[in-house]
Amino acid sequence: MIDIVKEYRVALPAWIDDELAYVPAVVPGREDRMRLVHRLADRNWREGNGGPFAALVAERDTGRIVSVGVNVVLASGVSSAHAEVVALGLAQMATGGWDLGATGLPSHELVVNWRPCVQCYGATLWSGVRTLVVAGEGPELEEITTFDEGPLGADWAEQFEARGIEVVGDVLRDEALAVFRDYRKAVDEADGIVVYNARGGTA
């Protein structure tokens with residue numbers, strides 16, 4: 001019989017409990033939700049879990065926080081363990097199914113500190129969320145951090161809208177860029193910070 005690994009585990013880091021200790025269950029304002037995302041993203045890279053990325057899922061109309069996610073690629077050893085994927089997966093576990101837009105559920109929104117990469121774009125499309133809230137879009141993330149976000153089409157937002165997912169942009173954009181710049185400064189000055197990317201066609 002072939003001996004294969006039959007499961008893998010992706011989990012939030014223990015420090016999340018400290019960051020959420022004084023966060024109310026309901027955060028009504030989108031800017032306040034984004035501030036939480038920025039705080040988690042900034043701590044995440046400093047703790048060595050992965051890149052400077054975080055996300056949360058909330059009930060769109062009430063602001064009740066359903067889940068949070070941070071990038072745990074380095075901590076987990078799983079390349080797909082991006083913040084959006086983690087937040088969406090945990091929200092689906094919390095609500096009891098794969099469709100966050102299922103009948104009987106409140107409308108959910110995903111809040112993330114930049115436009116999703118090509119992987120997280122697909123994960124968001126199929127998650128059932130009804131709104132995507134981003135701090136920003138454009139080349140700045142890749143230029144500052146040197147992360148490769150993948151070949152996402154120029155009509156990415158229109159494709160969400162065509163599938164019934166509202167896109168809300170430029171929510172605390174400058175704060176997102178500040179986190180990315182702090183990360184890049186540390187990359188340039190310190191050993192041991194891994195910027196993980198596809199190989200770009202090289203062996």
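Within every chain, residues take consecutive numbers counted from 1 along the sequence as written. For this predicted model, a pLDDT threshold of at least 70 governs which residues receive local features, and a threshold of 80 or more governs which side-chain atom pairs are given and counted, while totals over whole chains, interfaces and linings are taken from all residues. Note that the side-chain values use all heavy atoms of the structure and ignore hydrogens as well as water.

An unreviewed UniProt entry lists the chain under the name Nucleoside deaminase, with Streptomyces prunicolor as the source organism.

1. Side note on the overall build of the chain
Numbering of helices and strands runs from the N terminus; a helix is a DSSP stretch of H or I covering at least four residues, while a strand is a stretch of E covering at least two. Helix and strand content of the chain: 8 helices and 5 strands. Residue burial is assigned from relative accessible area. The probe radius is 1.4 Å, only protein chains are included, and a residue is buried under 20% of its type maximum, exposed over 50%, and partly exposed in between. Across the 203 residues that make up the chain, the buried fraction comes to 44%. Any pair of residues with heavy atoms lying within 4.5 Å of one another is described as a contacting pair. The long-range share in the chain, meaning contacts at least 24 apart out of those at least 6 apart in sequence, stands at 69%. Only the protein chains shown count as cover for residues, with accessible areas throughout obtained via the Shrake-Rupley method and a probe of 1.4 Å. Here the chain has roughly 10,400 Å² of accessible surface; of this, 52% comes from carbon and sulfur atoms. Of note, the chain has its 18 positive side-chain charges centred 2 Å away from the centre of its 31 negative side-chain charges. His residues and chain termini do not enter the charge count, which takes Lys and Arg as positive and Asp and Glu as negative. Working definition for charges: the position is that of NZ of Lys, CZ of Arg, CG of Asp or CD of Glu.

2. Quick word on the side chain of Asn44
Structurally, Asn44 can be placed in helix H2 (residues 30-47). Once residues within four sequence positions are removed from consideration, Asn44 is found in contact with Trp15, Asn49, Gly50, Gly51, Phe53, Val70 and Asn71.

3. Points about the UniProt feature "domain: CMP/dCMP-type deaminase" (unreviewed entry) in the chain
UniProt positions are given in the numbering used here, feature names are shortened, and annotations may be inferred rather than shown by experiment. UniProt's entry tags residues 28-152 with the feature "domain: CMP/dCMP-type deaminase" (unreviewed entry), counted in the numbering of this structure. Each end of residues 28-152 is marked by a C-alpha atom, and these two atoms are 31 Å apart; helix forms 39% of the span and strand 17%.

4. Digging into H2
Multiply 1.5 Å by the residue count of a helix minus one, and that product is the helix's expected span. Under the 1.5 Å per step criterion, the end-to-end length of H2 is 26 Å for 18 residues, consistent within 8% with the ideal 26 Å. Among the residues making up H2, those that are buried are Arg33, Met34, Leu36, Val37, His38, Leu40, Ala41, Asn44 and Trp45. On the buried face of H2, the contacting elements are helix H1 (16-20), strand S1 (54-59), strand S2 (65-70), strand S3 (108-112), strand S4 (131-134) and helix H8 (173-189). Where H2 terminates, the next one or two residues include Gly48, which has phi positive at roughly 85°.

5. Observations regarding the pattern of salt bridges
Here, a salt bridge means any side-chain nitrogen of Lys or Arg that lies within 4 Å of a carboxyl oxygen of Asp or Glu. According to the stated counting rule, one finds 15 salt bridges in the structure shown. We note a salt bridge from Arg35 to Glu31, for which the minimum N-O separation is 3.5 Å. In this pair, Arg35 and Glu31 are both assigned in helix H2, 4 residues apart and thus about one turn of the helix distant. Residue class for Arg35 comes out partly exposed when judged on its relative accessible area of 41%. The closest approach of N and O atoms between Glu47 and Arg43, which form a salt bridge, is 2.9 Å. Of this pair, Glu47 and Arg43 both sit in helix H2, separated by 4 residues, roughly a single helical turn.

6. Points about a negative patch on the surface
Patch membership requires over 30% relative accessible area and the absence of a salt bridge. Like charges are linked within 9 Å, and nonpolar side chains (Val, Leu, Ile, Met, Phe, Trp, Tyr) within 5 Å. A cluster of acidic residues, Glu137, Asp155, Glu158, Glu161 and Glu166, forms a negative patch at the surface. Classification of Glu166 as partly exposed rests on a relative accessible area of 36%.

7. Overview of the pairing of S3
Burial within S3 is extensive, with 5 of its 5 residues counted as buried. Of the two faces of S3, both are covered, the one formed by His108, Leu110 and Val112 as well as the one formed by Glu109 and Val111. Pairing analysis gives 4 bridges linking S3 to S4, with the strands arranged parallel. Looking at the pairing, Glu109 lines up with Thr131 of S4. When DSSP finds at least two bridges between two strands, those strands are taken to pair.

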